[in-house]
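# Observations on chain architecture
One-letter residues, chain by chain:
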Amino acid sequence: IRKDLTPDECAHWAWSAIEGDIPATYHNHFNYEWYLRTLFSSSHSKPTLGNETELFVVRVEHLDDDWRAVDRMVGGTGETVPTDLTDGSPIFGSTAETHLLATNASLSEAGALNLCRALCREIQVYKMLIFRAANIDAAGFNQSMTELRRYCPDEPDDTPRRCEYY
């Protein structure tokens, strides 16, 4: 993606990334639904997974706790950072000099609500993933739903719903 996009081009790229039609940059390549498409039931109205599918979820906002839980569940000790890297050494390029091009990181309340509406289907998949995650207990699920509602107050239910824009 070029740096000098017109507003229409920018809107096209943003919406295509939200819908999982094109890879986004930096943090993810496609949306949750794109990665999970082979696991979803055939119904397109509401994302669901079969009960035989075991999922592990690592939430960015709870990264350390989630990684430790997964590590213990697969036979590890829960110590996920090698001891030779705990001396302040850079991990996975964390000291990289490249930065995003955004110069304004603030988002108005109206902008946040619009973003929540645009990401509605992705949010429904997120709810399903968090609920189904083998490594996240009921308290962790409830905490994530509270955090979600803080940013997206139009998401009052813990269960996936049908989005009006799809």
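Residues numbered from 1 in each chain as written. Predicted model: local features only at pLDDT ≥ 70, side-chain atom pairs only at ≥ 80, totals over all residues. Heavy atoms only, no water.

Because an α-helix completes one turn every 3.6 residues, residues spaced three or four positions apart along the sequence face the same direction. If you check helix α5 (residues 120–132), its first and last C-alpha atoms are 19 Å apart, about what 13 residues at 1.5 Å a residue would give, namely 18 Å. Of all 13 residues that make up α5, twelve are buried, and the element is covered over most of its length. Every buried residue of α5 is accounted for by C120, R121, E122, I123, Q124, V125, Y126, K127, M128, L129, I130 and R132. On its buried face, α5 sits against α2 (32–36), α4 (109–118) and α6 (138–151). (Helix = DSSP H or I, 4+ residues; strand = E, 2+ residues; numbered from the N terminus. Expected span 1.5 Å × (residues − 1). Buried < 20%, exposed > 50% of the residue type's maximum accessible area, 1.4 Å probe, protein only. Contact = heavy atoms within 4.5 Å.)

Here we take up the pattern of salt bridges. Enumeration according to the criterion identifies six salt bridges in this entry. Ionic pairing is found between D158 and R149, a salt bridge with its closest N-O pair at 2.9 Å. A cluster of three or more residues bridged by salt bridges with shared partners is formed by K127, E155 and R161. (Salt bridge = Lys/Arg side-chain N within 4 Å of Asp/Glu carboxyl O.)

Before going further, it helps to spend a moment on the environment of M145. Checked against the element boundaries, M145 lands in helix α6. Residue M145 is classed as buried on the basis of its relative accessible area of 0%. Along the backbone, M145 and P156 are eleven residues apart, and their C-alpha atoms lie at a distance of 8.7 Å. Among residues more than four places away in sequence, those in contact with M145 are Y126, K127, I130 and D158.

Purely spatial values, then, with no claim about function.
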